[in-house]
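Fold and contact review
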Amino acid sequence: MTTRKKISSDIETEVLYKSGRRCCLCFGLNNDFWEKPGQIAHLDRNNCNSKLENLAFLCLEHHDKYDTRTSQSKGWTIGEAKKYINDLHLAVEKWRKNSQYYQDMENSIKELKPASDNEILILIADFFNASKNVNYDVTGSILESLNTSLNKYNFNDVRIESVKEVFRRNEFEVMKAVGKSYNATAFIWGHYDDGGIFPRYTILQKDKLIIPNEIPARFVNLMHPPDDFPIYIHHYLPFQFTYLVQFTIGQIYFWKNEFKSSRFFLEDALKWMKSVNNEEVKESLANLYFYLGFVNIALNEKYEFIEQAFSKGIELGNSHPVGYFNRAVANIQMGNTTQALSDFSTAIELDGSCSHAYYGRGITYTELNKLDLAVLDFTQAIDIDKNFIDAYYNRGNAYRLLEEAEKAILDYTKVIELNDGYINAYYNRGIVYSDLSNLRQALEDYNIVIQLNIKYVLVYNSRGNLYKKIGDEKAAFEDYKQAIEIDPQYDMPHYNLGMLYVKFGEIEKGIAEYNIAIQINSTYSKAYYNRGNAYFLLNKLDNALSDYSKSIELEPEYTGAYVNRGNIYKIMGCFNEAILDYEKAIELDPYLAPAYFNRAYTYLHLKQLNQAISDFHKLLELAPDTHNKQNIIDLINSLNIDGLAGSNS
């Protein structure tokens, strides 16, 4: 038996140093650059040949396989192994030359410059070693991999740097303080043990997680994805490290608001991770889906795609409220209010201090016209965050719809105290003041709105209505015209202008404006109603009848349309049809005096005198100060004196 020759310490040191304790087969076959526990192998499998060129550092798994001969498959050849060794040595040499990890700690910290305001700086800390058996260069590996990948892209404003600091789990605030001292965007830190590497990804500048205001407004109150989360990496699964690299590049594009590129890299990271089937990676995958959902929102994708991304994250068992909250927002847009309410409630259960979840549920209750519940949720959001401007604003809106005007004014005023440029608060407060007939205050608020935004089209229509209330029809006319100039497709100023034209006696012009309003909004019931009135003035009874009927079709409880259509039927001699319309109006509003007045005269035409007298009495009861009161009393007395009342029923 040949005696095994011991490898000299100098040669052993040379093998270990040149390889950096990286396995040449892991590197050559899988591009795995991790430091590994292992042994030195003899390439020719001759234990007596301990020359340097015959030796290689292999991980334990590959060392056992290399020494095993099999007839079933082709084993690794010496030439193949030597090629991998050469490639590995070059990579280790390059890594040592470029890596900040091997710089002296004082020089590293001294030379590391804080990021400028327009620069993205990602810091990588030294990883805490919780292993009993191995010693990994995690920081150097992450740094090398990220820099190698980033060199492929023109990121002139992105830096990846290491800091010779170790942070344990209970030193989160210390880590944040160090990161902020360098104006860093994100920090990668954590620990490793015998089972794997556990980086934490902490985003220090949360403002970079906010979608710009112009993309898209309906999601303005969206919760941003988690800004601190773990990413599990197994020692022997190098593609998981690719996930970290791709995820980071996706993040960089996200922070730069280049969302299409961000989605590309996030989806690529997802591709690498989806094949892993263990519990440790579930949270990483869930957060990845949350970011994809967020990016899809920024790209204005279909709500279904957005909802699916957040659902995937939730299915992976992630209990972060962001998944439920943002899925709820998507469901609101899809009209799935029941699911939205459930998701908002779950987000609240997960985090009772989540003011945005209460706020989102309040918005949903508002859309369902459950205004009392909406007020409760907005109030809860305000109790958590005393400066939650949108919660005050929307509670004010709910109070306005509940006709609690004073409470609405208090909330709008609070919004203005917190942000004196919040234009909608001035506008809505002006509407409430106008409803309360506090026209001076309303006019003051409307004028402030115009000062803040001269193109704010709604305010011109509302101020026009105010001017009409105080009798300044010329000013009202000019405001309606201004609203139309700003937005020709805004239906209401056309409608209001039509009413003024009719009042001025320019009925054809009024009808023309009503026509435009109806072209813009074919369901505008009041426009049909008032166009019917205009046709009536022109004695175009068929047109008037058609418009009143359309108005009723669109708004079946519109009492005025029933009364006026009844009047047309009466003029046409269709008395029974007229009676039916008056009866419907009275059914909807038993206190509607004009319906009784017109039905009474219709009954006279039908010689149903008792019913006529009864309606005249009801009219006098409802409108005792009517201008023709004495004439009606005389008519009733005449009918009774002539004894006609008893002749018909």
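See above for the structure.
Parameters and conventions
- Along every chain, residues carry numbers that run from 1 in the direction the sequence is written.
- Side-chain atom pairs in this predicted model are given and counted only at pLDDT of 80 or more, local residue features only at pLDDT of at least 70, and totals for whole chains, interfaces and linings cover all residues.
- As a rule here, side-chain values come from all non-hydrogen atoms in the structure, and water together with hydrogens is ignored.
- Only residues whose relative accessible area exceeds 30% and that form no salt bridge enter a patch; like-charged residues are grouped when within 9 Å of one another, and nonpolar side chains (Val, Leu, Ile, Met, Phe, Trp, Tyr) when within 5 Å.
- In this description, accessible areas are obtained by the Shrake-Rupley approach with a 1.4 Å probe, and a residue is regarded as covered only by the protein chains that are shown.
- Think of a salt bridge as a Lys or Arg side-chain nitrogen and an Asp or Glu carboxyl oxygen that are within 4 Å of each other.
- Buried, partly exposed and exposed residues are distinguished by accessible area as a fraction of the type maximum, computed with a 1.4 Å probe on protein chains only: under 20%, between the cut-offs, and over 50%, respectively.
- Secondary structure counts use DSSP, requiring at least four H or I residues in a row for a helix and at least two E residues in a row for a strand, with both numbered from the N terminus.
- Residue contacts follow a heavy-atom distance rule, with two residues in contact if any of their heavy atoms lie within 4.5 Å.
- Within 3.5 Å is the distance limit for a polar contact, defined as a pair of N or O atoms, with the added protein rule that one can donate a hydrogen and the other accept it, and that residues adjacent in sequence qualify only through two side-chain atoms.
- Two strands are said to pair when DSSP picks up at least two bridges between them.
- Stacked, edge-to-face and tilted are the three classes for Phe, Tyr and Trp ring pairs, Trp counted by its six-membered ring, which pair at centre distances within 6.5 Å; planes under 30 degrees apart are stacked, over 60 edge-to-face, the rest tilted.
- Lysine NZ or arginine CZ positioned within 6 Å of the ring centre and within 35 degrees of the ring normal marks a charge as sitting over the ring.
- An axis is simply a line fitted to the C-alpha atoms; with a helix, the fit covers only the stretch in contact. Between two such axes, the angle follows the N-to-C directions and lies from 0 to 180 degrees.
- For classification purposes, an angle smaller than 35 degrees is called roughly parallel, one larger than 145 roughly antiparallel, one from 65 to 115 roughly perpendicular, and anything else oblique.
- Here a crossing is taken to be left-handed if its near helix is turned anticlockwise relative to the far helix by less than a right angle, and right-handed if that turn runs clockwise.
- When residues are grouped by polarity, Ala, Val, Leu, Ile, Met, Phe, Trp, Tyr, Cys and Pro land in nonpolar, Asp, Glu, Lys and Arg in charged, and all others, Gly among them, in polar.
- Whenever a pair of cysteine sulfur atoms sits within 2.5 Å, that pair is classed as a disulfide.
- The nonpolar core is taken to be a set of buried Ala, Val, Leu, Ile, Met, Phe, Trp, Tyr and Cys residues, with the residues joined through side-chain atoms within 4.5 Å.
- An expected span of 1.5 Å times one less than the residue number is assigned to each helix.

Attention shifts here to a nonpolar patch on the surface. Where nonpolar side chains cluster on the molecular surface, the patch consists of Phe 536, Leu 537 and Ile 571 and spans about 290 Å² of accessible area. Judged by relative accessible area, Phe 536 falls into the partly exposed class, the value being 37%.

Mapped onto the secondary structure, Asn 129 falls in strand 4 (residues 128-129). What makes Asn 129 partly exposed here is its relative accessible area of 31%. Aside from chain neighbours lying at most four places away, what touches Asn 129 is Val 134, Asn 135 and Tyr 192. Here the side chain of Asn 129 touches Tyr 192 through a polar contact of 3.2 Å, side chain to side chain.

In this section: the pairing of strand 7 (residues 197-203). Counting buried positions along strand 7 gives 5 out of 7 residues, so the element sits mostly inside the fold. The pairing of strand 6 (residues 186-192) with strand 7 spans 7 bridges and is classified as antiparallel. What sits directly across from His 191, in strand 7, is Phe 198. The hairpin formed by strand 6 and strand 7 contains 4 residues between the paired strands.

A few words now on the environment of Asp 157. Within the secondary structure layout, Asp 157 lies in the loop between helix 6 (138-150) and strand 5 (158-166). According to the relative accessible area criterion, Asp 157 is partly exposed, its value standing at 25%. Each residue touching Asp 157, except ones within four places of it in the same chain, is listed here: Asn 118, Glu 119, Ile 120 and Lys 256.

Following the criterion strictly, the structure yields 20 aromatic pairs and no others. Where Phe 477 meets Tyr 501, the ring centres are 5.6 Å apart and the plane angle is 85°; that geometry is what we call edge-to-face. Remark: Tyr 501 occurs in helix 22 (residues 491-503) and Phe 477 occurs in helix 21 (residues 473-486); sequence separation between them is 24 residues. Their ring planes at 80° and their centres at 5.2 Å tell us that Tyr 601 and Phe 616 sit as a pair that is edge-to-face. Here the residue Tyr 601 occupies a position in helix 28 (residues 593-605), and Phe 616 occupies one in helix 29 (residues 609-622), the gap between them amounting to 15 residues. An aromatic cluster of three or more residues is present, and its members are Phe 167, Phe 172, Phe 187 and Trp 189. Across the ring face of Tyr 66, the terminal group of Arg 45 is positioned such that the distance to the ring centre comes to 4.1 Å. It is Lys 526 that lies over the ring of Tyr 558; its NZ or CZ is 5.3 Å from the centre.

With that settled, the discussion passes to the packing of helix 24 (residues 525-537) against helix 26 (residues 559-571). Direction vectors running N to C along helix 24 and helix 26 enclose 25°, while the axes themselves pass 11 Å from each other. Relative to helix 26, the element helix 24 lies roughly parallel. For the element pair helix 24 and helix 26, the recorded crossing hand is left-handed. Seen from helix 24, the contacting residues are Tyr 529, Asn 533 and Phe 536; seen from helix 26, they are Gly 560, Ala 561, Asn 564, Ile 568 and Ile 571. Within the contact of helix 24 with helix 26, the residues separate by chemical class into 5 nonpolar, 3 polar and no charged.

Where two cysteines share a covalent bond between their sulfur atoms, that bond is called a disulfide. Counting across every chain of the model gives 0 disulfides. Of all cysteine sulfurs in the structure, the one in Cys 26 sits closest to Cys 23, which takes part in no disulfide; the separation is 3.7 Å. Taking the relative accessible area as the measure of exposure, Cys 23 reaches 0% and is therefore buried. Counting only cysteine sulfurs, Cys 23 is the nearest neighbor of Cys 24, a cysteine outside any disulfide, at a range of 5.4 Å.

Glycine aside, residues mostly have negative phi angles, and peptide bonds mostly take the trans form. Look at Asn 369: it is not a glycine, yet its phi comes out positive at around 65°. Along the chain, Asn 369 falls in the loop between helix 14 (355-367) and helix 15 (371-384). A positive phi angle, near 65°, is found at Asn 539, a position not held by glycine. As for its position among the elements, Asn 539 is in the loop between helix 24 and helix 25 (541-554).

Among the nonpolar cores identified, the biggest contains 60 residues, and Phe 344, Val 415, Tyr 427, Tyr 446, Val 449 and Val 459 are the most heavily contacted of them. If we ignore the near neighbours within four places in the chain, the residues touching Tyr 446 are Tyr 427, Gly 430, Ile 431, Ser 434, Val 459, Ser 462, Arg 463 and Leu 466. Trp 34, Val 138, Leu 266 and Ala 298 belong to the second largest nonpolar core, which has 42 residues in total.

Its 13 residues place the ends of helix 26 19 Å apart at the C-alpha level, agreeing with the 18 Å of an ideal helix rising 1.5 Å per residue. Within helix 26, 12 of the 13 residues are buried, which leaves it mostly tucked inside the rest of the structure. Taken as a whole, helix 26 has its buried residues at Thr 559, Gly 560, Ala 561, Tyr 562, Val 563, Asn 564, Arg 565, Gly 566, Asn 567, Ile 568, Tyr 569 and Lys 570. Elements in contact with the buried residues of helix 26: helix 24, helix 25, helix 27 (575-588) and helix 28. Immediately beyond the C-terminal end of helix 26, within one or two residues, lies Gly 573, with a positive phi of roughly 85°.

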